[in-house]
Amino acid sequence: MNFLQERILADGVVKAGNVLKVDSFLNHQLDIRLLDRIAEEFASRFADAGITKVLTIETSGIAIACAVARELGVNMVYAKKGESINMDGPVYRAEIVDSNGKPVNQVMVSKKFLQKGDRLLIIDDFLANGYALQGLIALAEEADATVEGCGIVIEKGFQDGGQRIRNLGYRLESLAILESMDAATGAITFHG
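From a predicted model like this one, the values you see are computed outputs, not experimental measurements.

**Describing the overall build of the chain**
What the chain contains, in helices and strands, is five helices and ten strands. On C-alpha atoms alone, the chain measures out to a radius of gyration of 16 Å, which is about the 16 Å that the 2.2 N^0.38 rule sets for 192 residues. For the chain, the spread of C-alpha atoms along the three principal axes comes to 50 × 35 × 35 Å. Sorting the 192 residues of the chain into buried and exposed places 44% on the buried side. If you take every contact in the chain between residues at least 6 apart in sequence, the share linking residues at least 24 apart comes to 60%. Carbon and sulfur atoms provide 45% of the accessible area of the chain, an area that totals close to 9,400 Å².

Spelled out as structure tokens, the structure:
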């Protein structure tokens, strides 16, 4: 069992609807030492990929992506959900759809921060159905950047997002893959 699986078992809370609350250490309150270990692990796994920039989506992925970018010695950029008065000039846009294929968010990145030739590592905290990740991949494609890989802290392996991304041919590294969760008992099992 790895360090992240141990932490999930110790402090994660399973809720109804396949929800895993990790807000005490990952996506509300942050355990900085754990964040550093996560960043080191992703940097190690993608050391051979020639990453020039880390890309994520607001909000929960930002802290993780910052730590990974620092570890890799590159800049990080995040896709904003919706319009912002702080964004000026041309932007790349992608729609993120829900499980029924209906648009739920439009994400955007300024063209001055995502460019042709960038070699991207996409980082996020969770992967379930994969639609947010597909939106980020679409932004990268629009920018003519190369997605060298995707790093996910926690993948819900019982949902189809991970398989969808892998089937598209992208390198996907997840630090913890959940095989199942039971809200009634609080039980969590991991893949592998």
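**A look at the packing of helix H2 (residues 32–45) against helix H3 (residues 61–72)**
Direction vectors running N to C along H2 and H3 enclose 55°, while the axes themselves pass 8 Å from each other. On the basis of the axis angle, H2 is oblique to H3. Judged by the sense of rotation from one axis to the other, the crossing of H2 with H3 is right-handed. Contacts between H2 and H3 involve Leu35, Asp36, Ile38, Ala39, Glu40, Phe42 and Ala43 from the first element and Ala63, Ile64, Ala67, Val68, Arg70, Glu71 and Leu72 from the second.

**Structural notes on the pattern of salt bridges**
Throughout the structure, instances matching the rule amount to twelve salt bridges. Here Asp36 makes a salt bridge to Arg70, at a shortest N to O gap of 2.8 Å. Here Asp36 is found in helix H2, whereas its partner Arg70 is found in helix H3, with 34 residues between them in sequence. A relative accessible area of 27% means that Asp36 is categorised as partly exposed. Exposure remark for Arg70: the relative accessible area of 54% places this residue in the exposed category.

**Digging into the nonpolar core**
Grouped together as the largest cluster of nonpolar side chains are 33 residues, with contacts concentrated most on Leu4, Ile8, Leu20, Ile38 and Ile154. Counting only elements with at least two residues in this core, the list comes to helix H1 (3–11), H2, H3, strand S7 (119–127), strand S8 (146–156), strand S9 (172–181) and strand S10 (188–190). Discounting residues that sit within four places of it in the chain, Leu20 has contacts with Ile8, Gly12, Val13, Val14, Phe126, Ile154, Lys156, Leu178, Met181 and Ile188.

**Overview of the side chain of Lys156**
By the element assignment, Lys156 lies in strand S8. As a buried residue without a salt bridge, Lys156 has its nearest oppositely charged side chain in Asp125, at a separation of 9.8 Å. A polar atom in the side chain of Lys156 sits 2.5 Å from the backbone oxygen of Asn18. The residues contacting Lys156, other than those within four sequence positions of it, are Asn18, Val19, Leu20, Phe126, Leu127, Ala128, Leu178 and Met181.

**Quick notes on unusual backbone geometry**
Of the consecutive residues Glu58 and Thr59, the connecting peptide bond is found in the cis state with omega at 15°. For Thr59, the location among the structural elements is in the loop between strand S3 (53–57) and H3. Of note in the backbone geometry, Asn18 takes a positive phi value of approximately 60° without being a glycine. Inspection of the secondary structure assignment puts Asn18 in the loop between strand S1 (13–15) and strand S2 (19–21). Although it is not a glycine, Asp144 adopts a positive phi angle of roughly 65°.

Calculation criteria
Residues numbered from 1 in each chain as written. Predicted model: local features only at pLDDT ≥ 70, side-chain atom pairs only at ≥ 80, totals over all residues. Heavy atoms only, no water. Helix = DSSP H or I, 4+ residues; strand = E, 2+ residues; numbered from the N terminus. Rg over C-alpha atoms; globule rule 2.2 N^0.38 Å. Buried < 20%, exposed > 50% of the residue type's maximum accessible area, 1.4 Å probe, protein only. Contact = heavy atoms within 4.5 Å. Areas by Shrake-Rupley, 256 points an atom, 1.4 Å probe, with all protein chains shown as cover. Axes fitted to C-alpha atoms, helices over the stretch in contact; angles between N-to-C directions. Parallel < 35°, antiparallel > 145°, perpendicular 65-115°, else oblique. Left-handed = near helix turned anticlockwise from the far one by under 90°. Salt bridge = Lys/Arg side-chain N within 4 Å of Asp/Glu carboxyl O. Core = buried A, V, L, I, M, F, W, Y, C linked by side-chain atoms within 4.5 Å. Lys, Arg positive; Asp, Glu negative; His and termini not counted. Polar contact = N/O pair within 3.5 Å; in protein donor to acceptor, adjacent residues only side chain to side chain.

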